[in-house]
Structures are given as structure tokens and as C-alpha cells.
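These are the residues of each chain, in order.
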Amino acid sequence: MRRILVVDDEEYMRKLIRIHLDHAGFAVDEAQEGDEACAKLETDVYHLIILDVMMPGKDGWETLRDIRAFLPSQPMLMLTARTATEEKVFGLKLGADDYLTKPFDGNELVARVQAILRRTCGNGEERIHFDTVGLDIDQRQREVSIRGHITRFTPTEFDLLLLLATHPGRTYPRLQIMEQLWSLDSDADLRNVDSHVKNIREKLREVGLQDEIIKTVWGVGYRFEVPTSSHLEAERTE
């Protein structure tokens, strides 16, 4: 049974979320503020954290940062009463995997939870390796390394990179990426894709991968493309 931690200062909201998740077959634990959630994570393991943004004291943003500091791959779904796209993009940059706006439909909550868990709790055993840039994607361990240096990605960042890397040269429209990763037919958050791609690029550059392997196809979406050995050799001789 998948374990989920619900973090919200409002008892009514925690109980409402618990009802929907209980009916869907999940085991639910609760915390009413950020410090309590972090304390639980020191002793318990959760497949997903549902984290409210607007909490007194340590808010959802600070709690998200604290959790990411010691659990960089912990799946997290943010809850907020705000609908501004800029806030959602800000949350994704901090490491949130998805967003849900209050008030929400219970079926949508369960659908988003299931979509995240499908991505993060798989048992893939294959490795994808691109020798020319030293990129290795381990689906079993859900790790990405560049010439032996492991790069930490959020679950959604990992799945986006894996989706593109599995089909090099294929252009994925933003909407198709949304449907593949979030399993929802909505174009309301297409900028989420751009934010995740930016995060992936920055993390790859931090470990020395200067080649931009995720290409932007303007007006359409993104394509995974690594230089061939012959291309690299030509660059060296120029």
C-alpha cells in the first residue's frame, strides 16, 4: 500500500484529503505544519507528500526547500489557493512535482496522485547510455550521471529527461509531454514543461555537460539530441 503524508494547517482540509485517498486505497498520515512533517520524514518513508503552500510559521515553500535538502528525490504535490501561473512556476523551480489549486475535485486529486506514483514507483531495469557525452540514465535506481558524477533530479525532471532520451531525434509538443507526464488533457500549465526543461539543463551544466542535449523546437516543444562522435571530432579540429 502506498503511503502518503498530507501537510496542511487546516484540520478540515486534511480530513477531506484523507477521505478521498482512503477510498482510493492509500495509507494516509497527517502533519499540521512544516516542522512536524520534517520530523516524520526522519523516521518514516512516504511515497508522496501533499504539501499546502499557505501555512503559518514555516510555509510550504520553506518546507519544500527543507525537504529537498535531505530528500532530493521525494515526490511532492503542492496545494494552493492561488491560481497565478507565476506562483506555480516558482514552485516547480523549487522542486515540486505537480500543483493542485484549491478548491479541487476529489477525482482530480486522486488522478494527480496516481499519475505521480506511476512515474516514481516503477521498477524499470534498463539503462540508457550516450557515450559521446558520458550520459547514463539508470531506470532501476532512477539516477542520472555524467561521466560518473550523479546528478539529482526531482521525479518529474527525471521522467521528462527519460521520455525525451528514450526517443532521440523525436520532437515532443509541450501538450504531449503534459499528457505523458501528468496524464491530464489540459493545456493550462504548459509553462510547467518549460520550467522543468530549464531545471534539467541547469543541472546538467553544473556537472560539466556543456552540450545542450534538449533542443527547443520553437513554437512546438522539445527534442533530445546528442552530438555524434564524428561531430565532436569535427569540432576538435576546427
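Basis of the calculations
Residues numbered from 1 in each chain as written. Predicted model: local features only at pLDDT ≥ 70, side-chain atom pairs only at ≥ 80, totals over all residues. Heavy atoms only, no water. Core = buried A, V, L, I, M, F, W, Y, C linked by side-chain atoms within 4.5 Å. Buried < 20%, exposed > 50% of the residue type's maximum accessible area, 1.4 Å probe, protein only. Helix = DSSP H or I, 4+ residues; strand = E, 2+ residues; numbered from the N terminus. Contact = heavy atoms within 4.5 Å. Axes fitted to C-alpha atoms, helices over the stretch in contact; angles between N-to-C directions. Parallel < 35°, antiparallel > 145°, perpendicular 65-115°, else oblique. Left-handed = near helix turned anticlockwise from the far one by under 90°. Nonpolar A, V, L, I, M, F, W, Y, C, P; charged D, E, K, R; others polar. Pairing = 2+ DSSP bridges. Salt bridge = Lys/Arg side-chain N within 4 Å of Asp/Glu carboxyl O.

Side note on the nonpolar core
Counting 28 residues, the largest nonpolar core has Leu135, Ile137, Leu161, Leu164, Ile177, Ile214 and Phe224 as the members making the most contacts within it. Only β6 (127-130), β7 (135-138), β8 (143-146), α6 (155-166), α7 (174-182), α8 (190-206) and β12 (221-224) provide two or more residues apiece to this core. Those residues in contact with Leu135 that lie beyond four places of it in its chain are Ile128, His129, Phe130, Val144, Ser145, Ile146, Ile213 and Phe224. Ranked by size, the runner-up nonpolar core spans 18 residues in total, among them Leu5, Cys38, Ile49 and Ile67.

Quick look at the packing of helix α2 (residues 34-41) against helix α3 (residues 60-70)
For the pair α2 and α3, interaxial distance at closest approach is 10 Å and the crossing angle is 15°. Judged by the inter-axis angle, α2 sits roughly parallel to α3. Considering only the axes of α2 and α3, their crossing is right-handed. Residues Gly34, Cys38 and Leu41 of α2 form the contact with α3, whose own contacting residues are Thr63, Asp66, Ile67 and Phe70. The class makeup of the residues in the contact of α2 with α3 is 4 nonpolar, 2 polar and 1 charged.

Considerations on the sheet that holds strand β9 (residues 149-151)
Sheet strands pair by backbone hydrogen bonding; their relative direction is either parallel or antiparallel. Strand order in this open sheet of 4 strands is β6-β7-β8-β9, and the pairing throughout is antiparallel. Taken across any chain shown, the strands that pair with only one partner, and hence form the sheet edges, are β6 and β9. Each strand axis lies, on average, 20° off the axis of its neighbour in the sheet, ignoring direction. Sitting on the sheet, α6 touches β6, β7 and β8, and the angle it makes with β7 is about 115°.

Comments concerning the pattern of salt bridges
Applying the stated rule across the entire model yields 15 salt bridges. The shortest N-O distance in the salt bridge between Lys58 and Asp35 comes to 2.6 Å. Linking Lys58 in the loop between β3 (48-52) and α3 with Asp35 in helix α2, this pair joins segments that are 23 residues apart in sequence. With relative accessibility at 16%, the residue Lys58 sits in the buried group. Each of Arg14, Lys15, Arg18 and Glu30 takes part in one network of salt bridges that share partners.

Focus on the pairing of β6
Of the two faces of β6, only one is covered, namely that formed by Ile128 and Phe130; the face formed by Arg127 and His129 stays uncovered. Strand direction decides the pairing type here: β6 and β7, joined by 4 bridges, are antiparallel. Opposite Arg127, over in β7, you have Asp138 as the bridge partner. Between the antiparallel neighbours β6 and β7 lie 4 residues, among them Gly134 with a positive phi of about 70°.

Overview of the sheet that holds strand β11 (residues 214-217)
Taken in spatial order, the 3 strands make up an open sheet running β10-β12-β11, and their pairing is antiparallel. Bordering the open sheet on either side are β10 (171-173) and β11, each of which pairs with just one other strand. Neighbouring strand axes in the sheet, compared pairwise and without regard to direction, differ in orientation by 30° on average. Taken together, the 4 bridges between β11 and β12 define a ladder with antiparallel strand orientation. Bridging from a neighbouring strand, Lys215 pairs with Arg223 of β12. Sitting on the sheet, α6 is in contact with β10, β11 and β12, with an inclination near 65° to β12. Packing against the sheet, α8 makes contact with β11 and β12, and its axis sits at approximately 145° to β11.

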